[in-house]
Amino acid sequence: MSQKVANRSIVFYNSQSPPSVITEELDLGNCFSPSELVVKIHAAALNPVDFLLQGFAYSWLVGKGPKGFSRDYSGEVVKVGANVKDFKVGDKVSGLFQHLYGKQGTLCDYLILDPSKQPAISKISPVGHPEYDDYVINASWALVFGTAYQALHNYGQNLGPDSKVLVIGASTSVSNALIQIAKNRMKIGTVVGICSKKSFEYNKKLGYDYLAAYDDGSTVENVKQIMKNNMGNEKFDLIFDSVGNSEFFECINDVLKDKCQNSHYVSVTGDKKLNYSNPRIRDSLPGWESIRRIGPFRKYNYKLLLLKPEATFAKIGSEMIAQKQFVPAVDSVYAFEDYSKAFERLKSNKAKGKVVIQISQ
Ligand SMILES: NC(=O)c1ccc[n+]([C@@H]2O[C@H](COP(=O)([O-])OP(=O)(O)OC[C@H]3O[C@@H](n4cnc5c(N)ncnc54)[C@H](OP(=O)(O)O)[C@@H]3O)[C@@H](O)[C@H]2O)c1
């Protein structure tokens, strides 16, 4: 039976086009296959990767049609195909919808997805947050939690109470998830974070043991001081970079344990900081030096992480939220109509947590 609704989406066309809204008619009765479900989106969060992808969207490469923004979402299942097993109409869900220049993003009223192909989807756990409703909170974690979870687990690490982790970019949303997984679930003994001086208090409350400033003297020397004064000069088992930093490579043997001790350097950004207002693809590609790091004669274990959508992290994130071990960080919430302000806020590179767009109440 046909059931026509209006479906608004925030889209871009190419690297030069500003984000804009298109509205198309969608027939909810016929728009999904037997393996798909339809989610009525309540909230969706922005991610810097969308700026990067749009910056590289030359029409000759990606075509002229509209491309959807964003990946994180929360909402309610309104249609379920006959072959979908684990979800039913009325379920409240959140997840990560992975796409590359797809017409569908998550800044829209209705999202059609096949859960066997988009496995990072879970039922929403009630949060009881004092400020934000469950949809806003649950739109704020899948991508950053998944990235942090994979950085801590996917390379054969065995991190625990005796381990030492250095986080470059302690205030980013990815690191916000990482510190909560590290401390509340994995019970990692020592986590040192690098952030601006004004963010010390914010990050201390999240569980960082020690903090080093990147805007007060030499970052590397500040970290070495902490190692000397507080860690008995012991080196790190994991250095995690969520900013784009290359300062530690020159003295890697002073800060990272030997590779035979299963130590790792994991970056989610490459060596250069992404300029959110003017992203350039070459800043996030591995340079010659980083290619040498992954070659057979590497002196240390280096990984440039690209998030893989997996059911595991969606399940664990949802469990941690239910058990109050993980509280996703929300920086700000904007109404659908104010999407331009939301983009500007993320571009400021000052957000502490996710910038969320509320699509419906
Ligand atoms: N590879 C992947 O699969 C993947 C997945 C997710 C994200 N990422 C990338 O990870 C990066 C972080 O994303 P996000 O959404 O977590 O970022 P975000 O939340 O937008 O990060 C903003 C924070 O960065 C901090 N910051 C700014 N300049 C800094 C610097 N020079 N050194 C240290 N901290 C600095 C600021 O806090 P202060 O007050 O401390 O300055 C600010 O609060 C982005 O480049 C994103 O594209 C990659």
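Model, not experiment: these values are computed from the prediction. (Residues numbered from 1 in each chain as written. Predicted model: local features only at pLDDT ≥ 70, side-chain atom pairs only at ≥ 80, totals over all residues. Heavy atoms only, no water.)

Caption draft 1: Structural context of the overall build of the protein. A count of helical and extended segments in the protein gives 12 helices and 16 strands. Expected size for 361 residues packed as a compact globule is a radius of gyration near 21 Å; at 21 Å, the protein falls within 12% of this value. The principal-axis extents of the C-alpha atoms in the protein amount to approximately 70 × 45 × 40 Å. Out of the 361 residues belonging to the protein, those deemed buried represent 54%. Only carbon and sulfur atoms are counted for the fraction: they give 52% of the accessible area of the protein, which is about 16200 Å². (Helix = DSSP H or I, 4+ residues; strand = E, 2+ residues; numbered from the N terminus. Rg over C-alpha atoms; globule rule 2.2 N^0.38 Å. Buried < 20%, exposed > 50% of the residue type's maximum accessible area, 1.4 Å probe, protein only. Areas by Shrake-Rupley, 256 points an atom, 1.4 Å probe, with all protein chains shown as cover.)

Caption draft 2: Representation of the domain arrangement of the protein. Domain parsing of the protein yields domain 1 (4-141 + 328-358) and domain 2 (143-304). The C-alpha centroid of domain 2 is placed 29 Å from the C-alpha centroid of domain 1. Contact with domain 1, which involves 19 residues of that partner, is made by 17 residues of domain 2. Each partner contributes to the roughly 1600 Å² buried at the junction of domain 1 and domain 2, and carbon and sulfur atoms together form 64% of this total. (Domains from an automatic or database assignment. Contact = heavy atoms within 4.5 Å. Buried area = accessible area lost by both parts, 1.4 Å probe.)

Caption draft 3: Structural detail: the sheet that holds strand 2 (residues 20-27). An order of 2-1-4 is seen for the 3 strands of this open sheet, with the pairing classed as antiparallel. Two strands in the sheet have a free side with no partner beyond their single neighbour: strand 2 and strand 4 (67-68). Relative to strand 2, strand 1 (residues 4-12) runs antiparallel, the two being bridged by 8 bridges. The partner of Ser9 across the bridge, within strand 2, is Ile22. (Pairing = 2+ DSSP bridges.)

Caption draft 4: Region of interest: the site of the ligand. Neighbouring the ligand are 28 residues, the closest being Ser171, Ser196, Ser199, Tyr214 and Leu305. Interatomic distance of 2.9 Å between a backbone N/O atom of Ser173 and an oxygen atom of the ligand. For the ligand, the accessible surface in isolation is 940 Å², of which the surrounding protein chains cover 90%. Counting residues per element, the ones that place at least two in the shell around the ligand are helix 1 (48-55), helix 4 (142-153) and helix 5 (173-185). Of the residues assigned to the shell around the ligand, the class counts are 14 nonpolar, 10 polar and 4 charged. Formed jointly, the shell around the ligand draws a minimum of three residues from each of two domains, domain 1 (4-141 + 328-358) and domain 2 (143-304). (Near = heavy atom within 4 Å. Polar contact = N/O pair within 3.5 Å; in protein donor to acceptor, adjacent residues only side chain to side chain. Nonpolar A, V, L, I, M, F, W, Y, C, P; charged D, E, K, R; others polar.)

Caption draft 5: Just the sheet that holds strand 13 (residues 264-267), in detail. Spatially, 11-10-9-12-13-14 is the arrangement adopted by the 6 strands of the open sheet, whose pairing is parallel. Each having just a single partner strand, strand 11 (210-213) and strand 14 (302-304) make up the two edges of the open sheet. The sheet shows a mean angle of 15° between the axes of neighbouring strands, taken without regard to direction. Bridge count between strand 12 (residues 238-241) and strand 13: 4 bridges; the pairing is parallel. Bridged to Leu238 within strand 13 is His264. Across the sheet, helix 5 touches strand 9 (164-168), strand 10 (190-195) and strand 12, and the angle it forms with strand 10 is around 165°. (Axes fitted to C-alpha atoms, helices over the stretch in contact; angles between N-to-C directions.)

Caption draft 6: Structural context of a nonpolar patch on the surface. Taken together, the side chains of Phe56, Tyr58, Trp60 and Leu61 present a nonpolar region at the surface, about 450 Å² in accessible area. Note that Trp60 resides in helix 2 (residues 59-62). Classification of Trp60 by relative accessible area gives exposed; the value is 70%. (Patch = residues over 30% accessible without salt bridge, like charges linked within 9 Å, V, L, I, M, F, W, Y side chains within 5 Å. Salt bridge = Lys/Arg side-chain N within 4 Å of Asp/Glu carboxyl O.)

Caption draft 7: Representation of the packing of helix 4 against helix 5 within the structure. One way to put it is that helix 4 packs onto helix 5 with a least axis distance of 8 Å and a crossing angle of 55°. When the axis of helix 4 is compared with that of helix 5, the two are oblique. The handedness of the crossing between helix 4 and helix 5 is right-handed. Taking contact as the criterion, the partners of Val144, Phe145, Thr147, Ala148, Tyr149, Ala151, Leu152 and His153 in helix 4 are, on helix 5, Ser173, Val174, Ala177, Leu178, Ile181 and Ala182. (Parallel < 35°, antiparallel > 145°, perpendicular 65-115°, else oblique. Left-handed = near helix turned anticlockwise from the far one by under 90°.)

Caption draft 8: Focus on the nonpolar core. Among the nonpolar cores identified, the biggest contains 47 residues, and Phe145, Leu152, Ile181, Ile188 and Val191 are the most heavily contacted of them. Those elements that place two or more of their residues in this core are strand 3 (37-45), helix 3 (134-138), helix 4, strand 9, helix 5, strand 10, strand 12 and helix 11 (311-322). Per element, the largest residue contribution to this core is 8 residues, and it comes from helix 4. A domain split of this core shows at least three residues from each of domain 1 (4-141 + 328-358) and domain 2 (143-304). When neighbours within four sequence positions are excluded, Phe145 is seen to be in contact with Ala177, Ile181, Phe313, Ile316, Gly317, Met320 and Phe326. In this structure, Leu37, Val62, Phe97 and Tyr334 belong to the second largest nonpolar core, which totals 35 residues. (Core = buried A, V, L, I, M, F, W, Y, C linked by side-chain atoms within 4.5 Å.)

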